[in-house]
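Fold and geometry: a report
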Amino acid sequence: MTPATRQEVLGLYRKVLQIAKNWQSASGQIEETMREKDYIRNEARTLFRKNKNVTDPKLIKQCIEECEARIEIGLHYKIPYPRPIHLPPMGLAHKQGRTLRHQEKLRKISKPIYLKSHDEVS
């Protein structure tokens, strides 16, 4: 990791912790605010620790983009949790065959950048 990339990653981590410190839930309830603050800190800690040994520059760039996207989406919607994917349920497809493969392919393609590592951690 280059020194510039290292500084960028550390800056993102500090930014996430600062957001968690100043976070206010949409409902304004103290319990919910505390739960969301804890979630933000724990999620950041988990994902940054999981990716601390990544050395591939392309993968580092993807992780940085994911972090920035989740920050922007969280601040915009005032929801710290990842937003779900909106696709038809798998129940619409047959148990086998082309239709099932097509829906699985659609799900894989439509996965937002900000959810790539979330499924691996949760």
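Refer to the structure presented above.
Here goes a summary of the coordinates provided. (Residues numbered from 1 in each chain as written. Predicted model: local features only at pLDDT ≥ 70, side-chain atom pairs only at ≥ 80, totals over all residues. Heavy atoms only, no water.)

Description of the nonpolar core
Counting 13 residues, the largest nonpolar core has Leu12, Val16, Ile40, Ile64, Cys67 and Ile71 as the members making the most contacts within it. No other element matches helix H1 (residues 3-22), which puts five residues into this core. With residues up to four places along the chain from it excluded, the contact list for Ile71 reads Leu12, Lys15, Val16 and Ile19. (Core = buried A, V, L, I, M, F, W, Y, C linked by side-chain atoms within 4.5 Å. Buried < 20%, exposed > 50% of the residue type's maximum accessible area, 1.4 Å probe, protein only. Helix = DSSP H or I, 4+ residues; strand = E, 2+ residues; numbered from the N terminus. Contact = heavy atoms within 4.5 Å.)

With respect to the state of the cysteines
Scanning the entire structure with this criterion turns up zero disulfides. Left unpaired, Cys63 is separated from the closest cysteine sulfur, that of Cys67, by 9.3 Å. Judged by relative accessible area, Cys63 falls into the partly exposed class, the value being 22%. (Disulfide = S-S within 2.5 Å.)

With respect to a nonpolar patch on the surface
Residues Tyr77, Ile79 and Tyr81 make up a contiguous nonpolar surface patch of about 270 Å² in total accessible area. Of the residues examined, Tyr81 reaches a relative accessible area of 35% and is grouped as partly exposed. (Patch = residues over 30% accessible without salt bridge, like charges linked within 9 Å, V, L, I, M, F, W, Y side chains within 5 Å. Areas by Shrake-Rupley, 256 points an atom, 1.4 Å probe, with all protein chains shown as cover. Salt bridge = Lys/Arg side-chain N within 4 Å of Asp/Glu carboxyl O.)

Regarding H1
The first and last C-alpha atoms of H1 sit 28 Å apart over 20 residues, in line with the 28 Å expected at 1.5 Å per residue. Every buried residue of H1 is accounted for by Thr5, Val9, Leu12, Val16, Ile19 and Ala20. The buried residues of H1 occupy one face: seen down the axis, they fall within an arc of 105 degrees. In H1, the exposed residues that point more than 90 degrees away from the buried face are Pro3, Ala4, Arg14, Lys21 and Asn22. On the buried face of H1, the contacting elements are helix H2 (30-50) and helix H3 (57-77). (Expected span 1.5 Å × (residues − 1). Arc of directions from axis to C-beta.)

Focus on the pattern of salt bridges
Overall, the coordinates contain three salt bridges when judged by the stated rule. Between Asp38 and Arg41 there is a salt bridge; the shortest N-O distance is 2.7 Å. Placement of the pair is Asp38 and Arg41 together in helix H2, with a separation of three residues, close to one helical turn. The exposure class of Asp38 is partly exposed, given its relative accessible area of 35%. On the basis of relative accessible area, Arg41 is assigned to the partly exposed category, the value being 25%.

What about the packing of H1 against H2?
Two numbers describe how H1 lies on H2: the axes approach to 8 Å, and their chain directions differ by 165 degrees. Compared by their axis directions, H1 and H2 come out roughly antiparallel. Considering the relative orientation of H1 and H2, their crossing is left-handed. For the pair H1 and H2, the contacting residues are Val9, Leu12, Tyr13, Val16, Leu17, Ala20 and Lys21 in the first and Lys37, Ile40, Arg41, Ala44, Arg45 and Phe48 in the second. Here the contact of H1 with H2 is built from residues that sort into nine nonpolar, no polar and four charged. (Axes fitted to C-alpha atoms, helices over the stretch in contact; angles between N-to-C directions. Parallel < 35°, antiparallel > 145°, perpendicular 65-115°, else oblique. Left-handed = near helix turned anticlockwise from the far one by under 90°. Nonpolar A, V, L, I, M, F, W, Y, C, P; charged D, E, K, R; others polar.)

These values are about where atoms sit, not about what they do.
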